[in-house]
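Each chain, letter by letter, is given below.
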Amino acid sequence: MKKNLVVSAFFLLLTVLFFWRFLDGSQVFVFKDLSRYFYPLRYLMVEQVRSGHLPLWNPYIFCGMPLLASHQICFFYPLTIIYYIMPFDLAFNYYIIIHYFLAACFMYLAMRHFKLGWLSAVFSAVVFAFSGYLLSVSNMNTTLSSVIWMPLVFMFFDAYITRFKVKDFLAVCLLLSLMFLGGEPTILYITGACLFFYAVFIPERKVKSLFSLIVMAVFMVLLTAAQFLPFVELGALSDRKYLTDISIVARWSLPVRELLTFIFPFFFGSQLRYGQYNSAILGSHNQSWLLSAYVGFLPLLLSFLAVCRADKRRVFFCVAGTLGLLLALGKYTPFYLLLYKTVPGISLIRYPVKFSAITFFSIAFLGGFGLQDLVGRLKKEGVFFKRLSILLLSLAGFCSLLLLTVIANKQRVFFLIKQWWGRPLTGFYEQTFYDILNFDMQSLLVLTVILAAAAVIFWLYCEGKLSSTVFLLLFVVMVSLDLFSSNQSVSFSGRRAVYDEVTPNIKLLQKDRGLFRFFYTSELGDANRMLWGEDYNKALLESKDRLTPDKMVPYGLYDFDGYESVLLAQFREYATYFYGLEGGYPKKLIDMSNAKYVASERPLGWPGLKLLRATSGDGGRLYLYFNHFHMPRAYMASEAKTMFRDNILAYMQGGDFDPERTVILEEEAGLQKKQAGYKLDILKYAPAEIVLKYDSKGDQFLFLSESYYPGWKAYIDGKETKILRANYMFRAVVAPAGSHVVKFNFSPLSFRVGSFISLAAITVFALLWYLKRNEEVIG
């Protein structure tokens, strides 16, 4: 117990060292999807929960979008509770930081289960938790919160197939559930595939192990049904069915050349430094998902040594890690193409580099065994390892000689490398190329020091000058320092102001207390995918002022467009069609969508627009207009046209369509065309509930420019009425004459059924744990 406390304290110390600048909240995690995606959506989740509502619906993007079903807010994930007990900005930091401490602890426990000595287990834990891979996914929040459970999953599954105890069975079910609730199904897919082959190759009772794995998967689905069923429902209605072409799925494959970055950090430039990692220098063969692949020379060397000893588990993780790497290489190998065509599920996973998760886990797993083997073999085979020390020292000498040669002839060597690289580089990119080479020289120096230090430690241990405990401690410290020096910069920070500061355009829109949306042209939307500014903080603030998707959510501003990992197919079809028109997006449809404000990178001459503000920044010009012709969020239309879905968009584009008068339906509504006066008020507008009151002199259609989605119900004076899909992707109901109250309520069946199933499964789980946990599984 005392030893475990010391180990935990060491992991805590390492975590603090890696993330010390985030601890007081003055610096915040901001890189990539953290600032533009996870922060806004989780802020919205917390606000809805604190106001007494389940976070089921996000009304701020795409004219309305499921929130819980998107699976990205991790509402049911236990560690999400931190958002409710701390100030949000601070909680956003600590949610991420805690996962690295847990990753180290979980890996340590797993390696102890696999009979590793405590210091060798610490070595594996450090490599797993602080490798470039895990630090890279700090900005892929859901990957981080899913992958940290991988060590415990393998630990308890291995225990289960050894003794077939109910408690191990339940532990695997629970851990797989946590992995899924963490928000990244890809990690669950990879882990599930590995467990399948683990059950095939490792245990003696293979049939029972495989059958048990199937039951575990079913039980996991039942436990998480409240999240699983809404997620599946959204997936079936999403654009993912269009995005399975290999040109899209394999976009971010790991280039073969980047295998060098496993031992040379940022060898081809860093995505964290402006201008370094881009097509001007690297060409089209690059990826922007994995920020760093650095694990270091020693963990790789030790993982290779571990395979020299015949052991089924070591061989398994060697093969799994290798296959994961081949899959991560994606389009650069025929292996990925073969599996893409033959293995179910591969085509749904963007991007191949994600498969490297099992590779980095395997390196950490095998590295610990390699270190433990090394301790035992050094005593028995001292002469061999003295020769190994000499070899490492020779490598260090060679690196030193190479480094000195480059320094002595720096300009000439750099020029020759540039010529060999073969890309025309001038000005800024030429200087950036030289900056990368200078950094690579520093990495070569670090490798030289590591090789020399390892050689000396080997030699001293062989001579009996060091005890095995001291030898292992030195290895752990050396690798920890190496990973810290190379990877701590991966956790990119920004000033708290990038989240808290309200920019001028946001202030302008917030002055309008009405219910409205803003719309930006496709050119501005494309430009906002990039950040522009003197530094990252200023660039983030400018991106907010340019109304970048999702960043307006915390300010309660409604965007016609947005940014999501899973987008409703109807919106993609609608927007792709109209954005792609030669004459641009039809102004009447912008009006129809309640777009009271319009933003563009260039002046617009559309009717009804009044320029409010024109600004110029590093990202270019921005023109913000007031749209006098915008239509309200809800209004009455006097007539309907019914047509096949495939014809609707073309008709809406044409001159015959008047959105103020007409709604286009996919089914007959049985209402005669009749113009009638009306008065309409919105009494309540909440994320999952909208209440309106109208007074109409005749039967009409009540049109609501909100996304059509199953789970929404409409009631007129308390009596349910059918919601019609109108104008391709919006909602309408038949509104009878007279004075009536209409209520729209979002209560999806998938969530209600899923919640019931989850509660029942949790009850069964608790009973099994209480009554049967120490018994053996029958079969």
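All residue numbers refer to positions counted from 1 along the written sequence of the respective chain. Local features are withheld for residues below a pLDDT of 70 in this predicted model, meaning they are given only at 70 or higher, and side-chain atom pairs are given and counted only at 80 or more; totals for whole chains, interfaces and linings count all residues. Side-chain numbers here rest on the full set of heavy atoms in the structure, without hydrogens or water.

(A) How the structure looks around the sheet that holds strand β14 (residues 689-696). Strand pairing is defined by DSSP finding a minimum of two bridges between the two strands. Each helix is a run of DSSP H or I of at least 4 residues and each strand a run of E of at least 2, with the numbering of both proceeding from the N terminus. Sheet architecture is open: five strands sit in the order β13-β14-β20-β16-β17, paired in antiparallel fashion. Across the chains shown, the open sheet's two edge strands, defined by having one partner strand only, are β13 (678-686) and β17 (719-721). Recorded for the sheet is a direction-independent mean angle of 25° between the axes of neighbouring strands. Pairing analysis gives three bridges linking strand β16 (residues 712-716) to β17, with the strands arranged antiparallel. Of the residues in β17, the one forming a bridge with Ile716 is Lys719. In this analysis an axis means a line fitted to C-alpha atoms, helices contributing only their contacting stretch, and an angle means the value between N-to-C directions, from 0 to 180 degrees.

(B) Representation of the side chain of Thr191. Within the element layout of this structure, Thr191 appears in helix α10 (residues 185-201). Note on contacts: a residue pair is in contact if any heavy atoms of the two residues lie within 4.5 Å. Every residue in contact with Thr191, bar those within four places of it in the chain, is listed here: Met150, Val153 and Met179.

(C) Broad picture of the packing of aromatic side chains. Here a pair means two rings of Phe, Tyr or Trp (six-membered ring of Trp) with centres within 6.5 Å. Their orientation is stacked below 30 degrees between planes, edge-to-face above 60, and tilted elsewhere. Tallied over the entire structure, the rule returns 78 aromatic pairs. Relative to Phe317, the ring of Tyr198 lies with its centre 6.1 Å away and its plane at 50°, an arrangement referred to as tilted. Residue Tyr198 is found in helix α10, and its partner Phe317 is found in helix α16 (residues 312-328); the two are separated by 119 residues along the sequence. As far as the burial class goes, Tyr198 and Phe317 line up, both buried. Taken together, the aromatic side chains of Phe62, Phe519, Phe560, Phe571, Tyr574, Tyr577, Phe578, Tyr585, Tyr635, Phe703 and Phe730 make up a single cluster linked through ring pairs. Relative accessible area decides the class of each residue, using a 1.4 Å probe on protein chains only: under 20% of the type maximum gives buried, over 50% gives exposed, and in between gives partly exposed.

(D) Main features of the pattern of salt bridges. Think of a salt bridge as a Lys or Arg side-chain nitrogen and an Asp or Glu carboxyl oxygen that are within 4 Å of each other. Taken as a whole and assessed by the stated rule, the structure comprises 26 salt bridges. A salt bridge links Arg314 to Asp373, with the nearest nitrogen and oxygen atoms 2.4 Å apart. Of the two residues, Arg314 sits in helix α16 while Asp373 sits in helix α18 (residues 356-380), which places them 59 residues apart along the sequence. Since its relative accessible area comes to 11%, Asp373 is described here as buried. The closest approach of N and O atoms between Asp591 and Lys587, which form a salt bridge, is 2.6 Å.

(E) Looking closely at the nonpolar core. Among buried residues, the Ala, Val, Leu, Ile, Met, Phe, Trp, Tyr and Cys ones that are joined through side-chain atoms within 4.5 Å form a nonpolar core. Counting 237 residues, the largest nonpolar core has Tyr574, Met652 and Phe744 as its most contacted members. Ranked by residues supplied to this core, first place goes to helix α4 (residues 88-113) with 16 residues. Judged by nonpolar contacts, the second largest core, of 15 residues, contains Ile506, Leu509, Phe516 and Phe626.

(F) Focus on the pairing of strand β5 (residues 517-520). Going residue by residue along β5, you find Arg517 and Phe519 tucked away on one face and Phe518 and Tyr520 tucked away on the opposite face as well. Two strands pair when backbone bridges link them, and β5 and strand β6 (residues 558-559) are joined in this way by two bridges, in the parallel orientation. When the bridges of β6 are listed, Phe518 appears paired with Asp559. Pairing analysis gives four bridges linking β5 to strand β7 (residues 595-600), with the strands arranged parallel. Note on β7: the bridge partner recorded for Phe519 is Val598.

(G) Local environment of the pairing of β16. Covered by surrounding structure in β16 are Trp712, Ala714 and Ile716 only, the residues Lys713 and Tyr715 on the alternate face being uncovered. Direction of pairing for β16 relative to strand β20 (residues 738-746): antiparallel, over a ladder of five bridges. Within β20, the residue paired with Trp712 across the bridge is Phe746. Hairpin connection between β16 and β17: a loop of two residues separates the two successive antiparallel strands, and Asp717 in this loop has a positive phi of roughly 55°.

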